Amino acid sequence: MKLNALAQSFIGFSFIAALTACSSSGFERTNLNQANQRYHAILLQQEPVTLNSSIPEGAVTGASFGLFTEIDGDSEDMISGMLAGALVGSVISAVTDGSNQATRYRFYNQKKGEFSVVSKQKFDKNVQCVEVHHTNKIKLYAVDSEFCRLTREDNSVKAIYGGKLQRIGTNAWHPATVIVKDELIIAVNPTSQEIPAGAQLIDGRGTWLIPGLVDGHVHLSQSGSAFTRPDMIGATHIHSYGDDQSWLIDQLPSLLEDYVSLGITTIADLGGPTKSLHVRNQLNCESHCPSIISAGELISATPVPALNGAQGPTFLNTETSAEAIAAVKMQRQFGAKISKFVFTSEAGLSPSQLDKLFSPAINEAKSLGQIIAVHAQDLDYAKAAIRAGADILVHGVMTAPVDDEFIELAKTLNVTYMPTLTAYEHYLDIFKRQLTFSEFERQFGDHYIIDSFAQLNENLSATDQMFQLFTRYVPFVDSSEKERSSLTPQEQSIVAQLETLFSERILQIQVANLFTVANAGVRLGFGTDAGNPATLHAYSVAEEINAWQHAGLDNLKILHALTEGNAIAYQIEKKQGSIAPGKSATFNLLTQDPLQNTNTLLAPALVIANGNIIDLQENK
């Protein structure tokens, strides 16, 4: 009995002390000398967990207390007290516990690295950023994701977490974490793998990661305006070629930034004055330029004096093999990585004669490590170019359907077929005076370029005789016999001659040949010929994609041509074209699956070029 009284007194005293403590308004003693850390963390993952229940422990404690209070009673009192205590202890534990359901949260903070918290707090699935209050216990508060973005520090190591990567050659995607150090990708990990502490984390969830896009055929010496090709559109009395070139030189950094803002991180400049190469290769954009792989002048058997500007000619006329070899060496000294040859009939030379003229220079270029691009539109000339050593056929075969011999040559010699469907169509539309620009081009294209064509049409009488002849008779090329009957015999003869150069039939052949070679397994590259009249720098890629789709190519082939296909064509596949360890950290984050919607290709949420995060708002 004395023990019982002593125990009850002790319990009563403890109960009073507890009540006193609960009613105290003072600071918790456990918080003495304790820092309250506050920081933001990105919520990577959350998963439900079931907690171990404390009810058994409560029942044991209650039973012990019940037994203790009846320790001087008989056995029935002791058993009764023990059961009552167990029941009370279980109820108290259940009330204290609440549900056994909780959530394990996986977080990342740049300075602290990864950590996990098991909590009964329940966040909405859209929460991406939390504020962590860290004392003896952690409290979490959902905050706007902007807090996590603003607090991250630039770092040589970056982790792009949760973006979907394409399984090579398929339409399937899988989430991954891409680890970047400086300019290179050092790892591609599953999202379950821990992110390195100190890495700048970029939340890629809800995005699709693709390699930086490559436009394999542009001309940085051409503006895209109505006045940039006086050899085709003689309008120098309206606006001089020199003035157009001056505008282009002033605006070139801005035009190059347009490429990067669309996720086009590499371009191939396929022909312009060699003397300008050292300027372009060292160009310092205010924001960011794409990587530029350059050719010098187009090495040709035919001069084009109308395109001789202040920086030099665009076409370099060579009449002997020695002159062609000298041209290759000169361009190489200025930093050209591409040698471009013209295999066409304008000079009156046959395919075999052009082969004899250019083959020694092509061999010299290959010995110097040059990539050989060839402009060839006719089937026989294209075959001769392949035999002579072409790596890339630009424009595609346009005047006759490709045959089995062509396909076999292209596949055996690993030639890249790179048509430019829309550039030719633009010339056709200009001559027919039915040129229009897409809403995308009107919204983002330069007004100087867009408005130049209205200026051209408003002053048609000031153009040269050749252009007026084009605009007078090209509209009859694809007309009916009845419509042509209104023309004189001489005019009908002019139309017949123009039909060999400008016709919907040629465009249809070009389109059909792309479909044929694609299905035959010929390597494909993607190019726009941007800089030619109405083929806008950067923005023309959207129209060319549409043209490939209308030609019957699926989105997988188009994406491959824009990335790995062009990387292979320009021999940069060890660094670009796919997202893999050891390759350049150059890729885009898209908000939609590009294999389902190609419009998203040119609307990246984020562009990373050589490990640098591009500020797209600054570029726009």
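In case you missed it, the structure is sitting above this.
Residues numbered from 1 in each chain as written. Predicted model: local features only at pLDDT ≥ 70, side-chain atom pairs only at ≥ 80, totals over all residues. Heavy atoms only, no water.

### As for the sheet that holds strand S13 (residues 291-294)
- Taken together, three strands build an open sheet; the order of strands is S11-S12-S13 and the sheet is parallel. With one partner strand each, in any of the chains shown, strand S11 (213-218) and S13 form the two edges of the open sheet. For this sheet the average axis-to-axis angle between neighbouring strands, irrespective of direction, equals 20°. (Pairing = 2+ DSSP bridges. Helix = DSSP H or I, 4+ residues; strand = E, 2+ residues; numbered from the N terminus. Axes fitted to C-alpha atoms, helices over the stretch in contact; angles between N-to-C directions.)

### What about the side chain of Asp269?
- Topologically, Asp269 is positioned in strand S12 (residues 264-269).
- Assessed through its relative accessible area of 0%, Asp269 is described here as buried.
- Separated by 3.2 Å, the side chain of Asp269 and the backbone nitrogen of Leu220 make a polar contact. (Buried < 20%, exposed > 50% of the residue type's maximum accessible area, 1.4 Å probe, protein only. Polar contact = N/O pair within 3.5 Å; in protein donor to acceptor, adjacent residues only side chain to side chain.)

### Here we look at the packing of helix H7 (residues 321-333) against helix H8 (residues 351-367)
- At a minimum axis separation of 8 Å, H7 and H8 run at an interaxial angle of 30°. The orientation of H7 relative to H8 falls into the category roughly parallel. Seen from above, H7 lies across H8 with right-handed handedness. Taken together, the residues of H8 that come into contact with H7 (itself represented by Ser321, Ala324, Ile325, Val328 and Lys329) are Lys356, Leu357, Phe358, Pro360, Ala361, Glu364 and Ala365. (Parallel < 35°, antiparallel > 145°, perpendicular 65-115°, else oblique. Left-handed = near helix turned anticlockwise from the far one by under 90°. Contact = heavy atoms within 4.5 Å.)

### Brief notes about the packing of H8 against helix H9 (residues 379-388)
- Viewed as axis vectors pointing N to C, H8 and H9 meet at an angle of 25°, and their least axial separation amounts to 9 Å. Of the possible angle classes, the one that applies to H8 and H9 is roughly parallel. Handedness of the crossing formed by H8 with H9: right-handed. Of the residues in H9, those touching H8 at Pro351, Leu354, Asp355, Ser359 and Ile362 are Asp380, Tyr381, Ala384 and Ala388.

### Here we look at the side chain of Thr266
- Within the fold, Thr266 resides in strand S12.
- Thr266 sits in the buried class, given a relative accessible area of 1%.
- Ignoring any residue separated from it by four or fewer positions in sequence, one finds Thr266 in contact with Leu213, Val214, Asp215, Pro290, Ser291, Ile293, Ile572 and Gln576.

### As for unusual backbone geometry
- Here Asn414, not a glycine, exhibits a phi torsion of approximately 55°, which is positive.
- Looking at the secondary structure, you find Asn414 in the loop between helix H10 (404-412) and strand S19 (416-419).
- Taking relative accessible area as the criterion, Asn414 reaches 43% and is therefore assigned partly exposed.
- Phi at Asp529 is positive, roughly 70°, even though this residue is not glycine.

### Details of the pairing of strand S5 (residues 138-143)
- Of the pairings in the sheet, the one linking strand S4 (residues 129-134) to S5 comprises six bridges and is antiparallel in character. When the sheet's bridge partners are listed, Val130 is paired in S5 with Ala142.

### Comments concerning the packing of aromatic side chains
- Here the structure, examined in full by the defined rule, presents 18 aromatic pairs.
- Ring geometry for Phe343 against Phe358: centres 5.7 Å apart, planes inclined by 45°, an arrangement best described as tilted. One end of the pair, Phe343, is in the loop between strand S16 (338-342) and H8; the other, Phe358, is in helix H8, with 15 residues separating them in the sequence.
- For Phe358, a relative accessible area of 0% puts it in the buried group.
- Aromatic rings pair up to connect Tyr39, Tyr105, Phe107, Phe115 and Phe123 into one cluster.
- Sitting above the plane of the Tyr39 ring, Lys112 keeps its charged end 4.7 Å from the centroid.
- Between the NZ or CZ atom of Lys164 and the centre of the ring of Trp208, over which it lies, the distance is 4.2 Å. (Phe/Tyr/Trp six-rings, centres within 6.5 Å; stacked < 30°, edge-to-face > 60°. Lys NZ or Arg CZ within 6 Å of the ring centre and 35° of its normal.)

### Quick word on the sheet that holds strand S2 (residues 101-109)
- Spatial strand order, S3-S2-S1-S4-S5: five strands in an open sheet with antiparallel pairing. Strand pairing shows two members of the sheet lacking a second neighbour, strand S3 (113-119) and S5, which therefore form its edges. Adjacent strand axes in the sheet meet at a mean angle of 40° when their direction is disregarded.
- Of the strand pairs in this sheet, strand S1 (residues 37-50) and S4 are connected by six bridges, and their pairing is antiparallel. Residue pairing in the sheet places Arg38 in a bridge with His133 of S4.

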